[in-house]
Amino acid sequence: MTKYHFVGIKGSGMSSLAQILYDMHEEVQGSDVEKRFFTQEALEKKGIPILPFDANNIREDMTVIWGNAFPADHVEVAKARELGVPIYRYHDFLGRFAKRFTSVAVTGTHGKTGTTGMLAHVFSAFRPTTYLIGDGTGVGKENSEYFIFEACEYRRNFLAYEPDYCLITNIDYDHADYYKNLEDYVSAFQELANQVKKALIVCGDDARLRDLKADVPVTYYGFGEANDFTAKNIRSTDHGTVFDVYHAGDFYGQYRIPLYGNHNVLNALGVIAFCHSQGMPADLLKERLMTFKGVNRRFSEKRHGSQVLIDDYAHHPTEIKATIQAARSKYPDKQIVAIFQPHTYSRTLAFLDQFADSLQQADAVFLCDIFGSAREHEGKLTIDDLLVKIPGARRMDEANVGVLKDYPDSVLLFMGAGDIQKYQTAYEKL
């Protein structure tokens, strides 16, 4: 049994990986800041110790896994180097770990967490599967044949992986603090495609994915006729979305998911395409898709009187549009109120006009101060630069959340990748 210490164990991927190793009967502990994050609940349920940062946490009999958010001069990282213990960045450890299994990486600018969660839920009913989802969910099974995991493109971290299979949802420019331009961003996905060993499953409606060169077979899915797997006759019901699937032009069956929005139909198509390639029976595939409830912080709903409160991780203009569209599909008779907290100054600056356009799809808009990242310096940009671009938009802070009471029988969409949840919590306490 190996002893693992996680530097930054509350990170969404780090928390998931810690749970996997714990499930595999390794000894696991970690450290982090005192602030509470939703990811720590699962760690606490398993009794995994969460300590304050301290050089004395590191001992000579440990292997240290170091979260990507923390610098090389962090006290625990420095102590690990001083003691000469094995130390790995999160993505480097994950790349080594994945080699134990038939590995399936799920990536893309948008939808990778939802798709990873859906694929893990569906496929694990067919074959023993270990999985890591970027919402803080990790499940380790000692007899696993497959490892399904979310692969993040930030700083090209996913190039630490050489997966057997790779499912890519889309390519849409992001992480402007690291990637120089769209061409640079696309090149990272091309590099990953070059490292895939057995097959690629990609959304063929995305022109950038169509342009990827690959030395392995590629399966395309989407709404367009030119795809290998196509969805048609899409309709919303009281219990989710129903659609017909065609494979190579032939009817493959009618499928149901308890989710809304075209982006979720695309995610399901990608899952169907991969599961079909591995010989999973269509009846079992249908049954599992119907029971997938979603992942943490992705369209997570609560009801308060006539209002529906939705917590969602949407932090890019494309994701905001998709979330608003999903809300309209599920609640066509309700007013949609967007409460948005931009995540990082660099992303807000890069997509200022696009954020304004996507938020105007809502009926009312409230904006919270920009949530800066630890990896950037605060710039001159403020939330007012976005506010002036959206007619009728208003500022929101924890003191004035009570104004949301003025929107009865509405959907309140709390969107963002920072600490947007504190605004929802403040409203719920009123």
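Our structure's up above, just so we're on the same page.
Let me begin by describing the structure that accompanies this report. Given the structure is predicted, the values throughout are model-derived calculations rather than measurements.

Okay, the sheet that holds strand 7 (residues 129-133) next. Ordered by their spatial adjacency, ten strands build an open sheet running 8-7-9-6-10-11-12-13-14-15, and the pairing between neighbours is mixed. Each having just a single partner strand, strand 8 (137-139) and strand 15 (250-257) make up the two edges of the open sheet. Mean inter-strand twist for the sheet, computed between neighbouring axes without regard to direction, equals 15°. When strand 13 (residues 229-237) meets strand 14 (residues 240-247), the two strands line up antiparallel, connected through seven bridges. Bridging across to strand 14, F229 finds its partner in H247. In the packing of helix 4 (residues 90-98) onto the sheet, the strands contacted are strand 6 (102-107), strand 7 and strand 9 (146-150), and the crossing angle to strand 9 comes to about 160°.

Turning our eyes to something else, we now look at the sheet that holds strand 5 (residues 87-89). Strands belonging to one sheet form pairs held by backbone hydrogen bonds; the direction of such a pair is parallel or antiparallel. Spatially, 3-2-1-4-5 is the arrangement adopted by the five strands of the open sheet, whose pairing is parallel. The outermost strands of the open sheet, each flanked by one partner alone, are strand 3 (50-52) and strand 5. Put simply, the sheet's adjacent strands are angled 25° from each other on average, direction ignored. Running at roughly 170° to strand 1 (residues 3-7), helix 1 (residues 12-23) makes contact with strand 1, strand 2 (27-32) and strand 4 (62-66) of the sheet. Across the sheet, helix 4 lies against strand 1, strand 4 and strand 5, angled at about 95° from strand 5, the strand it touches most.

Our next topic: unusual backbone geometry. Within the chain, H25 stands out as a residue other than glycine whose phi angle is a positive 70°. Along the chain, H25 turns up in the loop between helix 1 and strand 2. Classification of H25 as exposed rests on a relative accessible area of 52%.

This paragraph deals with the pattern of salt bridges. Under the counting rule described, the total for this entry stands at 22 salt bridges. Here E428 makes a salt bridge to K302, at a shortest N to O gap of 3.2 Å. Here E428 is found in helix 14 (residues 421-429), whereas its partner K302 is found in strand 16 (residues 300-304), with 126 residues between them in sequence. We classify K302 as partly exposed; its relative accessible area is 43%. Residue K422 is joined to E398 by a salt bridge in which the shortest nitrogen-to-oxygen separation is 3.9 Å. Placement of the pair is K422 in helix 14 and E398 in the loop between strand 20 (394-395) and strand 21 (410-415), with a sequence separation of 24 residues. Accessibility expressed as a relative area gives 44% for E398, which makes it partly exposed. Salt bridges here are not isolated pairs; linked through shared partners, they connect K35, E398, D419 and K422.

What tends to happen in soluble globular proteins is that the nonpolar side chains get buried as a cluster. Membership of the largest hydrophobic core comes to 112 residues, with the highest contact counts inside it found for F6, L359 and L386. The greatest single-element share of this core, amounting to nine residues, is contributed by helix 8 (residues 262-277). Sequence-distant contacts of L386, defined by excluding residues within four places in its chain, comprise F340, P342, L352, F355, A356, L359 and L367. The next biggest cluster of nonpolar side chains, apart from the first, holds 17 residues, and it includes F366, C368, V403 and L412.

Looking now at the pairing of strand 16. Here is the key point about a regular strand: its side chains alternate between the two faces of the sheet. Note that strand 16 and strand 17 (residues 307-312) share five bridges and pair antiparallel. Residue pairing for strand 17: K302 is matched across the bridge by L309.

Moving on, we come to helix 5 (residues 112-123). End to end, helix 5 covers 16 Å across twelve residues, agreeing with the expected 16 Å (1.5 Å per residue, within 8%). Most of helix 5 is tucked away: twelve of the twelve residues are buried. Those residues of helix 5 that are buried lie in contact with strand 6, strand 7, strand 9, strand 10 (165-168), helix 8 and helix 9 (282-290).

Glancing now at the packing of aromatic side chains. How two aromatic rings sit relative to each other is set out by the distance from centre to centre and by the angle between their planes. For the structure on display, the rule yields 27 aromatic pairs. Taken together, a centroid distance of 5.6 Å and an interplanar angle of 80° make the contact between Y4 and F93 edge-to-face. Taken as a pair, Y4 in strand 1 and F93 in helix 4 lie far apart in primary sequence, 89 residues in all. Here Y4 and F93 have matching classes, each one buried. Summarising the aromatic geometry, the rings of Y246 and F251 are spaced 5.5 Å apart at their centres and angled 65° between planes, so their arrangement reads as edge-to-face. Following the ring pairs from residue to residue traces out a cluster consisting of Y154, F158, Y173, Y178, Y179, Y185, F189, F340, F351 and F355. We note K286 situated over the ring of Y255; from NZ or CZ to the ring centre the distance is 5.4 Å.

Our focus in this paragraph is the packing of helix 5 against helix 9. The interhelical angle for the contact between helix 5 and helix 9, taken along N-to-C directions, is 130°, at an axis separation of 9 Å. It follows that helix 5 is oblique to helix 9 by the angle criterion. For the pair helix 5 and helix 9, the crossing hand works out as right-handed. Each of M118, H121 and V122 in helix 5 lies in contact with helix 9, whose residues at this interface are L285, R288 and L289. A class-by-class count of the residues in the contact of helix 5 with helix 9 yields four nonpolar, one polar and one charged.

Analysis parameters
- Every chain begins its residue count from 1, and numbering advances along the sequence as written.
- Local features in this predicted model are restricted to residues of pLDDT 70 or higher, and side-chain atom pairs are both shown and tallied only at a pLDDT of 80 or more, whereas totals for entire chains, interfaces and linings draw on every residue.
- As a convention, hydrogens and water are excluded, and side-chain values are obtained from all of the structure's heavy atoms.
- By definition, two strands form a pair when at least two bridges between them are found by DSSP.
- Helix numbering and strand numbering both begin at the N terminus, where a helix is a DSSP run of H or I of at least 4 residues and a strand a DSSP run of E of at least 2.
- Every axis in this analysis is a line fitted to C-alpha atoms, fitted for helices over the stretch in contact. Angles between the N-to-C directions lie between 0 and 180 degrees.
- Only heavy atoms matter for contacts: two residues are in contact if any of them lie within 4.5 Å across the pair.
- When accessible area is computed with a 1.4 Å probe and restricted to protein chains, residues below 20% of their type maximum are described as buried, those above 50% as exposed, and intermediate ones as partly exposed.
- The term salt bridge refers to a side-chain nitrogen of Lys or Arg lying within 4 Å of a carboxyl oxygen of Asp or Glu.
- Note on terminology: a nonpolar core comprises buried Ala, Val, Leu, Ile, Met, Phe, Trp, Tyr and Cys residues joined through side-chain atoms within 4.5 Å.
- Expected span, for any helix, means 1.5 Å times one less than how many residues it has.
- The aromatic pairing rule takes the rings of Phe, Tyr and Trp, using the six-membered ring of Trp, and pairs them if the centres are within 6.5 Å, calling planes under 30 degrees apart stacked, those over 60 edge-to-face and the rest tilted.
- The rule for a charge over a ring is simple: NZ of Lys or CZ of Arg within 6 Å of the ring centre, and within 35 degrees of the ring normal.
- Orientation labels follow simple angle bins: below 35 degrees gives roughly parallel, above 145 gives roughly antiparallel, 65 to 115 gives roughly perpendicular, and whatever is left gives oblique.
- When the near helix sits turned anticlockwise from the far one by under a right angle, the crossing is termed left-handed; a clockwise turn instead gives a right-handed crossing.
- Note that Gly is not counted as nonpolar here; it falls among the polar residues with everything else outside the nonpolar set of Ala, Val, Leu, Ile, Met, Phe, Trp, Tyr, Cys and Pro and the charged set of Asp, Glu, Lys and Arg.

All quantities given are derived from atomic positions and should not be read as evidence of function.
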